[in-house]
Amino acid sequence: MAILLRLPTLMLLLAAVGLGCSSPRESTSGLPVYENPAVANASVWPAPVAKATLQTELKPLPLEVGVVVFEEGIRNPDARDARDKLRSVETRLAATYLRDVLTESGQWGAVRVLPAASHFAALTLSGAIVHSDGRHFVVDIKAIDATNRVWLDARFHSQVTANDYLDVTTEPFRALFVSIANRLRVSADNLAPTDMARLMNVADLRYAKELAPDAFASYLTEDNGYLKPNRLPADSDPMMARIARIRNQEALFIDTVDEQYVDLGSELGPTYRLWRRSSLEQADYLEEYTERASGRELMARQGSFAAMQQVYSAYRSVRIQEQDLFELATGFDNETAPTVLQMGENVVRLGGTLDEQYAQWRRILGQLIAIEQGSL
């Protein structure tokens, strides 16, 4: 009988395994990364964003935007745990959701999901998931342009209820992504026309310098941490023409990868949604159970078999969704389609995961521009 009385408490501990806290560690984007979602840090979360209308614009700004796949801000130290794979899924889906909202706003040029940070886009967004349990979604977002000007560096928090999951056509945490998009537009409106023109020039030169540092090192200078053009190449500069052709090839590659992220959302999105909803229902039940049990003695009726079954049922539902999502995510990574691109008379075939393909592609671009330089 003692075992039965303690089992609900055990299930509470099992369900809270992913809710421990630890200090943040360094990430590649400069955003903090936590070993586990920190419930203790909820005191420093901002208030949940309010539902707002997405700002739209008929005449978009001539800026291409890159949304880098989010950091695994909630990282399980044990990579063998299924939750590590699920958090990886979240980072990609969250970036895709943000890309979709930015595109829907009609306020920007092309908005693409990037497997890794690069100098391809004039404005780059990076993010880290601080907490995600189906009810609360907390992310750190940083937006920085080609001149190193920070447009946005803030934490966003969205809270939903079970009712927000009823409409399967709408992302439950849409308010968070709308809030990010609207904040970005405010930052854009604060730019002077001269700043926008300078940004466009710097974006082109920074990309050229990344591919051919020796040829374009003298075109940019740094002033108090910000990049500005030292001089501009001539309109007929043959090297810039080559850079433009290579950039078009990279845009084609990124668009191809972007299509696979769309497939990811179609294949994993519904199961991911069920998993988050199950997590929310479990959290709601455990919270209610804790409140009911807090005023009772340990040996009271909260340890009944019926209560034990309810706790276990909620816990089991989450684990079933986790397993389904884990299998889908593993299959998606293993079956990622190779990318085949034609570059002039040559055909390039890239294999592996999307991250690996992008790394291969960047190496090929560097080799290609080296050949181009040698031909001048």
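In this report, we go over the structure that sits alongside the text. (Residues numbered from 1 in each chain as written. Predicted model: local features only at pLDDT ≥ 70, side-chain atom pairs only at ≥ 80, totals over all residues. Heavy atoms only, no water.)

Let's shift gears to the packing of aromatic side chains. The geometry of two aromatic rings is summed up by the distance between their centres and the angle between their planes. With the rule as written, the count across this model stands at six aromatic pairs. A centroid spacing of 6.0 Å and a plane angle of 70 degrees characterise the contact between Tyr97 and Phe177, whose relative ring orientation is edge-to-face. Of this pair, Tyr97 sits in helix α2 (residues 82–105) while Phe177 is found in helix α3 (residues 174–189), placing the two residues 80 residues apart along the sequence. An identical accessibility class is assigned to Tyr97 and Phe177; each is buried. Relative to Phe177, the ring of Phe137 has its centre 6.2 Å away and its plane inclined at 45 degrees; by these criteria the two rings are tilted. (Phe/Tyr/Trp six-rings, centres within 6.5 Å; stacked < 30°, edge-to-face > 60°. Helix = DSSP H or I, 4+ residues; strand = E, 2+ residues; numbered from the N terminus. Buried < 20%, exposed > 50% of the residue type's maximum accessible area, 1.4 Å probe, protein only.)

What follows is about the pattern of salt bridges. Pairs can form between side chains of opposite charge whenever their charged atoms are close. Enumeration over the complete set of coordinates arrives at 13 salt bridges. Between Arg247 and Glu64 there is a salt bridge whose closest N-O contact spans 2.9 Å. Taken together, the positions of Arg247 in helix α6 (residues 238–294) and Glu64 in the loop between β2 (33–34) and β3 (65–68) put the pair 183 residues apart, joining distant regions of the chain. Look at Arg247 and you get buried, because its relative accessible area is 19%. (Salt bridge = Lys/Arg side-chain N within 4 Å of Asp/Glu carboxyl O.)

Attention now goes to the nonpolar core. Of all hydrophobic cores here, the largest spans 72 residues; its most connected members are Leu102, Trp108 and Trp151. No other element matches the 14 residues that α6 contributes to this core. (Core = buried A, V, L, I, M, F, W, Y, C linked by side-chain atoms within 4.5 Å.)

What follows covers the pairing of strand β4 (residues 111–114). Alternating positions in β4 separate into two faces, Val111 and Val113 on one and Arg112 and Leu114 on the other, with burial throughout. Bridging between β3 and β4 involves four bridges; their strand directions are parallel. Opposite Val65, over in β4, you have Val111 as the bridge partner. (Pairing = 2+ DSSP bridges.)

Attention now moves to the pairing of strand β9 (residues 226–229). Here four bridges tie strand β8 (residues 220–223) to β9, and the two strands are oriented antiparallel to one another. The residue of β9 that forms the bridge with Asp223 is Tyr226. Here β8 folds back onto β9 in antiparallel fashion, the turn holding two residues, of which Asn224 has a positive phi close to 55 degrees.

So, about the side chain of Glu90. Examined against the element boundaries, Glu90 turns out to sit in helix α2. Overall, Glu90 belongs to the buried group, its relative accessible area being 1%. Polar contacts involving the side chain of Glu90 include one to the side chain of Ser132, which spans 2.6 Å. (Polar contact = N/O pair within 3.5 Å; in protein donor to acceptor, adjacent residues only side chain to side chain.)

Further remarks concern helix α4 (residues 193–211). The terminal C-alpha atoms of α4 lie 28 Å apart, and with 19 residues this matches the ideal 27 Å at 1.5 Å per residue to within 8%. Every buried residue belonging to α4 is among Asp195, Met196, Leu199, Val202, Ala203, Leu205, Arg206, Tyr207, Ala208 and Leu211, and all of these are buried. (Expected span 1.5 Å × (residues − 1).)

By themselves, these figures tell us nothing about what the structure is for.
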